Amino acid sequence: MKLGGKWILGIGVLILGSCSQAIDHKGKTPLVGVGAEFLYAEDLYRAIPAGLHGKDSARVADEYIKNWVEDALLYQKAEGNIPDNEVIDEKVAAYRKALIMHTYQEELVRQEVGNNISDEEIAQYYEQNVRLFLADKPYIQGFFIKMPLNNSQLNMVRSLYKRNNQEALDRLIKLTIGSAVSSDYFYDQWKPVSDFVSKLPLDEITTDAEYLKRNRNVEVKDTAFCYFLHVKDFLGVGELLPLEYVKNEIKEIQINSKRVDFINQMKEKLYQDAIERNKVDYYTKKIKG
């Protein structure tokens, strides 16, 4: 079957309900109908992941259509067997109300608050809340290299990786391009030591929290590979995380704080305006009487 310029293979199109009744599909191409519900080709195309072709595309399309039909049938069956649809209607209305308010609030926040937090605000929050940014695990800066034992560049890497200078680092980067199984250069970035537990066959980094503080150059081997880890800087548990590491986190905190303040102020203003204009009717006296 060819629809909208694409081939969908192996789809069994199931039409349930009246075919003679004129239905306005608003320019869309119906694929499947269950009562008054329809699945359209345009919706199906959007649901199929990009890059799928041929049999894979047809298989995913078949599964999607079958799931859609099953859900539509289950919905119709359930709708006719729920004893109190008023409760459902109330929940739907409450959800719709909440969704509308949320959408409106988010749009106002986007327009009025945005996501611009100055560096001065971030630094001030950092300085005033240092206890929030103490490391709960060790971090390091440096680089990691994994190379085959039979690599001809192994000795050169061994001689360079301990030199704590930019020239040696530049040479290592050039040397390991294409020859290292994996490499990770994070001289200007803090990474948890736990990130290297699965990369490095070294039990000490899991049993001794400050092993890498005392051993800044680590070389270990297994039957196939040689692993190099150079630690430029070490940050222990309980030490203050650098501002650059927590900058994005602080920014999110600040944005959320401004968001909450703005929404609360907006709601309070709406309330006060409504009271002043007599737009709110209280029936307290009637209830008490």
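Each remark here, short or long, concerns the structure printed above.
These figures come from a predicted structure and were not determined experimentally.

What counts and how
- Residues numbered from 1 in each chain as written.
- Predicted model: local features only at pLDDT ≥ 70, side-chain atom pairs only at ≥ 80, totals over all residues.
- Heavy atoms only, no water.
- Helix = DSSP H or I, 4+ residues; strand = E, 2+ residues; numbered from the N terminus.
- Rg over C-alpha atoms; globule rule 2.2 N^0.38 Å.
- Buried < 20%, exposed > 50% of the residue type's maximum accessible area, 1.4 Å probe, protein only.
- Contact = heavy atoms within 4.5 Å.
- Areas by Shrake-Rupley, 256 points an atom, 1.4 Å probe, with all protein chains shown as cover.
- Lys, Arg positive; Asp, Glu negative; His and termini not counted.
- Charge placed at Lys NZ, Arg CZ, Asp CG, Glu CD.
- Core = buried A, V, L, I, M, F, W, Y, C linked by side-chain atoms within 4.5 Å.
- Pairing = 2+ DSSP bridges.
- Axes fitted to C-alpha atoms, helices over the stretch in contact; angles between N-to-C directions.
- Parallel < 35°, antiparallel > 145°, perpendicular 65-115°, else oblique.
- Nonpolar A, V, L, I, M, F, W, Y, C, P; charged D, E, K, R; others polar.
- Arc of directions from axis to C-beta.
- Polar contact = N/O pair within 3.5 Å; in protein donor to acceptor, adjacent residues only side chain to side chain.
- Patch = residues over 30% accessible without salt bridge, like charges linked within 9 Å, V, L, I, M, F, W, Y side chains within 5 Å.
- Salt bridge = Lys/Arg side-chain N within 4 Å of Asp/Glu carboxyl O.

Points about the overall build of the protein chain
- Helices and strands together make up the secondary structure of the protein chain, namely 10 helices and nine strands.
- Compactness check: the protein chain gives a C-alpha radius of gyration of 31 Å against a globular reference of 19 Å for 289 residues, more than 25% above the reference.
- For the protein chain, the proportion of its 289 residues judged to be buried stands at 30%.
- Across the protein chain, every contact between residues at least 6 apart in sequence was considered, and the portion connecting residues at least 24 apart equals 65%.
- Accessible surface, the protein chain as shown: approximately 19,700 Å² in total, 51% of it carbon and sulfur.
- When the 39 positive and 43 negative side-chain charges of the protein chain are each reduced to one mean point, those points stand 2 Å apart.

Brief notes about the nonpolar core
- If you look at the biggest cluster of nonpolar residues, it comprises 16 residues, and the most contacted ones within it are Ile-140, Leu-200, Leu-202, Ile-205, Leu-212, Val-218 and Leu-229.
- Elements with a contribution of two residues or more to this core: strand S6 (139-148), helix H8 (211-214), strand S8 (217-221) and strand S9 (225-235).
- The dominant element in this core, judged by the number of residues it contributes, is S9, at four residues.
- Apart from residues lying up to four places away in sequence, Ile-205 is in contact with Val-193, Phe-196, Val-197, Leu-200, Tyr-211 and Leu-212.

Let's talk about the environment of Lys-199
- Looking at the secondary structure, you find Lys-199 in the loop between strand S7 (182-192) and helix H7 (204-207).
- Sequence spacing of Lys-199 and Ile-145 is 54 residues, and the spatial spacing of their C-alpha atoms is 9.7 Å.
- Setting aside chain neighbours within four positions, we find Lys-199 in contact with Phe-144, Asp-184 and Tyr-227.

Let's talk about the sheet that holds S9
- Strand order in the open sheet formed by four strands is S7-S6-S9-S8, and the pairing between neighbours is antiparallel. The strands lining the two open edges of the sheet, one partner per strand, are S7 and S8. Neighbour to neighbour, the strand axes of the sheet diverge by 10° on average, direction disregarded.
- Where S6 meets S9, 10 bridges bridge the pair, whose relative direction is antiparallel. Each bridged residue has a counterpart across the sheet, and for Ile-145 the counterpart in S9 is Phe-228.

Here's the deal with the packing of helix H4 (residues 119-128) against helix H9 (residues 243-276)
- The interhelical angle for the contact between H4 and H9, taken along N-to-C directions, is 100°, at an axis separation of 9 Å. Considered as vectors, H4 and H9 are oriented roughly perpendicular to each other. Residue-level inspection shows Asp-119, Glu-121, Ile-122, Ala-123, Tyr-125 and Tyr-126 of H4 in contact with H9, the latter providing Leu-243, Val-246, Lys-247, Ile-250, Lys-251, Ile-253, Gln-254 and Lys-258.
- Residue composition of the contact of H4 with H9, by class: eight nonpolar, one polar and five charged.

Details of the pairing of S6
- Counting buried residues along S6, nine of its 10 residues qualify, which places the element largely inside the surrounding structure.
- Note: S6 against S7, seven bridges, orientation antiparallel. Paired with Gly-142 across the strands is Phe-186, a residue of S7.

Topic: H4
- When we look at burial in H4, the residues that qualify are Ile-122, Tyr-125 and Tyr-126. On an axial view of H4, the arc spanned by its buried residues comes to 100°, and they lie on one face. Summarising the geometry of H4, the exposed residues directed more than 90 degrees from the buried face are Glu-120, Glu-127 and Gln-128.
- Tucked into the core, H4 has its buried residues touching H9.

A closer look at helix H6 (residues 166-176)
- Along H6, the residues classified as buried are Ala-168, Leu-169, Leu-172 and Thr-176. For H6, the buried positions fall inside an angular range of 100° around the axis, keeping them on one side. Facing away from the buried side of H6 by more than 90 degrees, the exposed set consists of Glu-167 and Lys-174.
- In this structure, the buried side of H6 is in contact with S6, helix H5 (154-160) and S7.
- Where H6 begins, the capping side chain belongs to Asn-165, and its oxygen is found 3.3 Å from the backbone nitrogen of Glu-167.
- Positioned one or two residues after H6, Gly-178 has a phi angle of 85°, which is positive.

Some remarks on a negative patch on the surface
- A cluster of acidic residues, Asp-84, Glu-86, Asp-89 and Glu-90, forms a negative patch on the protein surface.
- Within the secondary structure, Asp-89 is located in helix H3 (residues 85-112).

Thoughts on the environment of Ile-117
- For Ile-117, the location among the structural elements is in the loop between H3 and H4.
- Note: C-alpha distance between Ile-117 and Glu-252 (135 residues apart in sequence) is 9.0 Å.

Considering the side chain of His-25
- Within the element layout of this structure, His-25 appears in the loop between strand S3 (15-16) and strand S4 (30-34).
- Side chain to side chain, His-25 and Tyr-40 meet in a polar contact 2.8 Å long.
- Apart from the residues lying within four places of it in its own chain, the contact partners of His-25 are Pro-30, Phe-38 and Tyr-40.

Don't take any of this as a statement about function, it's just geometry.
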